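# Structural description and commentary
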Amino acid sequence: MHVTLTTWLITIAVIIGLFVFDFFAHVRKPHAPTLRESGFWSAVFIAIAIVFGVIVFAVWGPTYGGEYFAGYITEKALSVDNLFVFVILMATFAVPREFQQKVLTIGIVLALIMRGVFIGVGAAAINAYSWVFYLFGIFLIYTAVKLIRDHGEDPQEISENRMVKLARKFLPVHDEYDGDKLVTRIDGKKMVTPMLLALVAIGFTDILFALDSIPAIYGLTAEPYLVFTANAFALMGLRQLFFLIGGLLERLVYLSYGLSVILAFIGVKLVLHALHENTLGWINGGEHVAVPEISTGLSLTVIVGVLVVTTVASLVKTRGADEPVKR
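The shown structure was predicted, so the numbers you read here are calculated from the model rather than taken from an experiment.

### Things to note about the overall build of the chain
A tally of helices and strands in the chain yields 11 helices and 2 strands. Along the chain, helices (α) and strands (β) appear in the sequence α-α-α-α-α-α-β-β-α-α-α-α-α when read from the amino end. Taking 327 residues into account, the globule formula puts the C-alpha radius of gyration at 20 Å, and the chain, at 21 Å, falls close to it. When its C-alpha atoms are laid out on the principal axes, the chain stretches across 70 × 60 × 40 Å. Taken over 327 residues, the chain has a buried fraction of 46%. Intrachain contacts of the chain at a sequence separation of at least 6 include 78% that bridge at least 24 residues.

This is the structure in structure tokens:
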């Protein structure tokens, strides 16, 4: 896949423009978004991602178009799972609902920047060392097992992560919010607000999210351009999705199981690809191993199928959970 520098620059400029528009149109003025507003803009950003996928199909062909959509759907599903953590974070820091948009937007921008760094490092590592696919594959399989093992356990207190502890240790922290300000002045002394601590927590968890997100998408496409755009468009609209399906998250009881299956599947796909491209001397004498490779079409079918099954099963399982008991 040949992507010119001009194409990269235009794509990055468009993505930055969309984030800037979103911030000034919806986030700059603090307010709690309605379901209608959240639903409309969620649909808009999903439509933009689909249109971009169609452009990839038209310009670079169906193979790369399929890789983009497989990556986008996977990253979107992982992003929805990450919303569980965001919900806990907002509750932990008692972020007022009208200020949650700002926290989420800044957090999402930080996530995109961090993922951009990881994407660059991952691409360089893959180009230099084909055995990196082994590491990515084994890590994803481990993550899949951990997701199943930890399912149903209470998440750790986000406010106790190391970055937040470090911030509390070296910064004067005020216990109350001052609007959406990150820094306030109390009795003439500058102090940071809980808003800043919430952003620190989001930034730290964004790094953890990228650890499984980037290897997962590199298992679906080796093209840095598709990895970056799939991540960018999956993160775009995540803020609106947070407010749109906040209540629905509790009903997606099988989502972790579905994601574990997807991550394990991609992990196996990566290991098979690593064996096919093998250069390690202690495996088959450094020669390529004749193993089947999983096609993009099969990957896309498995990902969509697993998400549909787990979502439907979750909604059926929790149907009527909020309905009043009949007497």
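### As for the packing of helix H3 (residues 62-92) against helix H11 (residues 296-317)
Packing of H3 against H11 brings their axes to within 9 Å, and their N-to-C directions diverge by 25°. With respect to H11, the element H3 is oriented roughly parallel. In this structure, the crossing between H3 and H11 has a hand that is left-handed. Taking contact as the criterion, the partners of Thr63, Gly66, Glu67, Phe69, Ala70, Ile73, Thr74 and Ala77 in H3 are, on H11, Thr296, Leu300, Ile303, Val304 and Leu307.

### Considering the pairing of strand S1 (residues 183-186)
Bridging between S1 and strand S2 (residues 189-192) involves 4 bridges; their strand directions are antiparallel. What sits directly across from Val183, in S2, is Val192.

### So, the nonpolar core
Generally speaking, nonpolar side chains in soluble globular proteins are found buried as a group. Grouped together as the largest cluster of nonpolar side chains are 84 residues, with contacts concentrated most on Tyr68, Phe86, Val103, Tyr218 and Ile266. For Tyr68, the contacting residues outside a window of four places in its chain are Ala49, Phe52, Gly53, Leu226, Thr229, Ala230 and Phe233.

### Some remarks on empty space enclosed by the protein
Under the definition given, this model contains 2 cavities of 30 Å³ or more. Its boundaries defined by the atoms lining it, the largest cavity holds a volume of some 70 Å³. What lines the largest cavity is Leu18, Phe19, Asp22, Phe45, Thr105, Ile108, Leu235, Met236, Gly237, Leu238, Arg239 and Gln240. For the lining of the largest cavity, the class distribution of residues is 7 nonpolar, 3 polar and 2 charged. Volume-wise, the second largest cavity comes out at about 50 Å³. Together, Ser79, Asn82, Phe86, Gly107, Ile108, Ala111, Arg115, Asp206, Phe209, Leu235 and Leu238 line the second largest cavity.

### Side note on the side chain of Thr318
In this structure, Thr318 sits in the segment after H11. With relative accessibility at 12%, the residue Thr318 sits in the buried group. A distance of 2.9 Å separates a polar atom in the side chain of Thr318 from the backbone oxygen of Ser314. Aside from chain neighbours lying at most four places away, what touches Thr318 is Arg251 and Val253.

### Digging into the packing of aromatic side chains
Any two aromatic rings considered together are summarised by their centre-to-centre distance and by the angle between their planes. This structure, assessed with the given rule, holds 14 aromatic pairs. Ring geometry for Trp8 versus Phe228: centroids 6.0 Å apart, planes at 45°, classification tilted. Of the two residues, Trp8 sits in helix H1 (residues 5-27) while Phe228 sits in helix H8 (residues 224-235), which places them 220 residues apart along the sequence. For Trp8, a relative accessible area of 25% translates into the label partly exposed. Residues Tyr68 and Tyr72 carry aromatic rings whose centres are separated by 6.1 Å and whose planes lie at 15° to one another, so their mutual orientation is stacked. On the criterion of helical spacing, the pair formed by Tyr68 and Tyr72 is a turn pair, its members being 4 residues apart in helix H3. Among the residues examined, Tyr68 registers a relative accessible area of 0% and is labelled buried. Residue class for Tyr72 comes out buried when judged on its relative accessible area of 7%. Aromatic ring contacts, followed pair by pair, group Trp8, Phe52, Phe57, Trp60, Tyr68, Phe69, Tyr72, Tyr225, Phe228 and Phe233 into a single cluster.

So, how was this worked out
Along each chain, numbering runs from 1 in the same order as the chain's sequence is written. Local features in this predicted model are restricted to residues of pLDDT 70 or higher, and side-chain atom pairs are both shown and tallied only at a pLDDT of 80 or more, whereas totals for entire chains, interfaces and linings draw on every residue. To obtain the side-chain values, all non-hydrogen atoms of the structure were used and water was disregarded. Helix and strand definitions follow DSSP, with helices as H or I runs of at least four residues and strands as E runs of at least two, each counted in order from the N terminus. Based on C-alpha atoms, the radius of gyration is set beside the globule rule, defined as 2.2 Å times the residue count to the power 0.38. Using a 1.4 Å probe on the protein chains alone, a residue whose accessible area is under 20% of its type maximum counts as buried, one over 50% counts as exposed, and one in between counts as partly exposed. Contacts were defined at the residue level, with two residues in contact if any of their heavy atoms lie within 4.5 Å. In this analysis an axis means a line fitted to C-alpha atoms, helices contributing only their contacting stretch, and an angle means the value between N-to-C directions, from 0 to 180 degrees. Any angle that falls under 35 degrees is termed roughly parallel, while one over 145 is termed roughly antiparallel, one within 65 to 115 roughly perpendicular, and all others oblique. Crossing handedness is defined as follows: a turn of the near helix away from the far one that is anticlockwise and smaller than a right angle gives a left-handed crossing, while the clockwise case is right-handed. Note on pairing: DSSP must find at least two bridges between two strands before they are called paired. By convention a nonpolar core is built from buried Ala, Val, Leu, Ile, Met, Phe, Trp, Tyr and Cys residues, the set being connected through side-chain atoms within 4.5 Å. Using a 1 Å grid laid over the protein atoms alone, points where a 1.4 Å probe fits but cannot get out form a cavity; open sets with protein on both sides within 12 Å along at least 5 of 7 lines form a pocket; any residue with an atom within 4 Å of a point counts as lining. Grid points are joined across faces, edges and corners, and a volume is the space filled by probe spheres set on the points. Residue polarity is assigned by list, with Asp, Glu, Lys and Arg as charged and Ala, Val, Leu, Ile, Met, Phe, Trp, Tyr, Cys and Pro as nonpolar; anything else, Gly included, falls into the polar class. Polar contacts, as used here, are pairs of N or O atoms within 3.5 Å; protein pairs need one atom able to donate a hydrogen and one able to accept it. Residues neighboring in sequence count only if both atoms are side-chain atoms. Aromatic contacts are taken between Phe, Tyr and Trp rings whose centres are within 6.5 Å, Trp giving its six-membered ring; a plane angle under 30 degrees counts as stacked, one over 60 as edge-to-face, and the others as tilted.

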